[in-house]
Amino acid sequence: MPLWTHQQRGLAYIANAIGRGARNICLAAPTGGGKSRIITELLHSTPGDIALYTDRRMLLKQLAEDLDREGVEYGIRAAGHEPALLRRIQLCMMQTEGSRFDNGQRSVHPADLVIIDEAHKMASDTMIQLDQEHLKQKPDRIKIGTTATPLGIGHFYDYLIVAGTNSELRECGALVPAMQYGP
């Protein structure tokens, strides 16, 4: 399935920002804008090791299903999952990684690219601590957060990319116009 125009533009803006030296990027797009597809494209196109963070089991399952459908090999770093620590892409549950790091059980995945899904919920002390550890391991690491709600995260990201508006999503068929018949 081809990328929508706003997804292509978002990916081009990310590449441009990285080329200009940005390392803490937030990509915002409305709900339904295909942020998961953008993440998958980043996984396919980025060399090196990648850590993809989420904070809910439902989202972990959804991301894993997306990656399976796309034929992406990955490990899961979350409670209740058998680790595959040598895979270059790791799907990480933030709470599990934070707990294991705090307890000295394991260090974070040495990632060149850290992707944080639902970035508006993941600028917590735990994620900041994990990100600092990623920076210690790889000082040139790139962090990309994705969200539909880029509020209250300015302390965690330096650069904002808006990939799509509700109008653009209606134009490409990702959203349908709402018809209201009563109050």
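Residues numbered from 1 in each chain as written. Predicted model: local features only at pLDDT ≥ 70, side-chain atom pairs only at ≥ 80, totals over all residues. Heavy atoms only, no water.

### Side note on the environment of Asp49
So, step 1. Structurally, the position occupied by Asp49 is in the loop between helix 2 (35-45) and strand 2 (50-54).
So, step 2. Look at Asp49 and you get partly exposed, because its relative accessible area is 23%.
So, step 3. The sequence separation of Asp49 and Pro110 amounts to 61 residues, and the corresponding C-alpha distance is 6.7 Å. (Helix = DSSP H or I, 4+ residues; strand = E, 2+ residues; numbered from the N terminus. Buried < 20%, exposed > 50% of the residue type's maximum accessible area, 1.4 Å probe, protein only.)

### Looking at the packing of helix 1 (residues 5-19) against helix 2
Angle between the axes and distance between the axes are the two parameters that describe a pair of packed helices.
So, step 1. Their axes nearest at 10 Å, the elements helix 1 and helix 2 cross at an angle of 45°. As summarised for this structure, helix 1 and helix 2 are arranged oblique, according to the angle between their axes. The handedness of the crossing between helix 1 and helix 2 comes out as right-handed. Contacts between helix 1 and helix 2 involve Gln7, Leu11 and Ile14 on the former and, on the latter, Arg37, Ile38, Glu41 and Leu42. (Axes fitted to C-alpha atoms, helices over the stretch in contact; angles between N-to-C directions. Parallel < 35°, antiparallel > 145°, perpendicular 65-115°, else oblique. Left-handed = near helix turned anticlockwise from the far one by under 90°. Contact = heavy atoms within 4.5 Å.)

### Structural notes on the nonpolar core
So, step 1. Judged by nonpolar contacts, the single largest core of 31 residues is most densely connected at Leu42, Leu43, Leu52, Tyr74, Leu91, Ile115 and Ile144.
So, step 2. Of all hydrophobic cores here, the second largest spans 17 residues; its members include Ala119, Met122, Leu130 and Ile153. (Core = buried A, V, L, I, M, F, W, Y, C linked by side-chain atoms within 4.5 Å.)

### A word on the pattern of salt bridges
So, step 1. Throughout the structure, instances matching the rule amount to 12 salt bridges.
So, step 2. With a shortest N-O distance of 3.0 Å, Arg9 and Glu168 are connected by a salt bridge. A residue pair is termed long-range when its members are at least 10 positions apart, and Arg9 in helix 1 and Glu168 in helix 6 (residues 166-172) qualify at 159 residues.
So, step 3. The class for Arg9 is partly exposed, based on a relative accessible area of 23%.
So, step 4. On the basis of relative accessibility, which here comes to 23%, the residue Glu168 falls in the partly exposed class.
So, step 5. Notably, a salt bridge pairs Lys121 with Asp55, separated by 3.3 Å at the nearest N-O pair. One end of the pair, Lys121, is in the loop between strand 5 (113-117) and helix 5 (125-137); the other, Asp55, is in the loop between strand 2 and helix 3 (57-69), with 66 residues separating them in the sequence.
So, step 6. According to the relative accessible area criterion, Lys121 is partly exposed, its value standing at 33%.
So, step 7. Members of the salt-bridge network, linked through shared partners, are Asp49, Asp112 and Lys138. (Salt bridge = Lys/Arg side-chain N within 4 Å of Asp/Glu carboxyl O.)

### Details of the packing of helix 4 (residues 94-102) against helix 5
So, step 1. At their nearest, the axes of helix 4 and helix 5 sit 10 Å apart, and the two run at 65° to each other. Helix 4 and helix 5 meet at a crossing whose hand is left-handed. From helix 4, Met94, Glu97, Gly98, Phe101 and Asp102 reach across to helix 5, where they touch Thr126, Met127, Gln129, Leu130 and Glu133.
So, step 2. In the contact of helix 4 with helix 5, the residues fall into four nonpolar, three polar and three charged. (Nonpolar A, V, L, I, M, F, W, Y, C, P; charged D, E, K, R; others polar.)

### Regarding the side chain of His6
So, step 1. Along the chain, His6 falls in helix 1.
So, step 2. From its side chain, His6 meets the backbone oxygen of Gly33 in a polar contact 2.9 Å long.
So, step 3. Excluding its chain neighbours within four sequence positions, the residues that come into contact with His6 are Gly33, Ala163, Gly164, Glu168, Leu169 and Cys172. (Polar contact = N/O pair within 3.5 Å; in protein donor to acceptor, adjacent residues only side chain to side chain.)

### Here's the deal with the sheet that holds strand 7 (residues 159-162)
So, step 1. Read from one edge to the other, the open sheet built from seven strands follows the order 3-4-2-5-6-1-7, with strand pairing classed as parallel. Two strands bound the open sheet, and with one partner strand each, they are strand 3 (75-77) and strand 7. Between one strand and the next, the sheet's axes are offset by a mean angle of 20°, whatever the strand orientation.
So, step 2. Bridge analysis of strand 1 (residues 24-28) against strand 7 gives four bridges, and the strand direction is parallel. The partner of Leu27 across the bridge, within strand 7, is Ile161.
So, step 3. Contacts from helix 3 reach strand 2, strand 3, strand 4 (89-93) and strand 5 within the one sheet, and its direction differs from that of strand 4 by about 160°. (Pairing = 2+ DSSP bridges.)

### With respect to the environment of Asp66
So, step 1. Locating Asp66 in the fold gives a position in helix 3.
So, step 2. Taking the C-alpha atoms as reference points, Asp66 and Thr40, 26 residues apart in sequence, are found 8.0 Å from one another.

In short, the description is geometric, and any link to function would need to be established separately.
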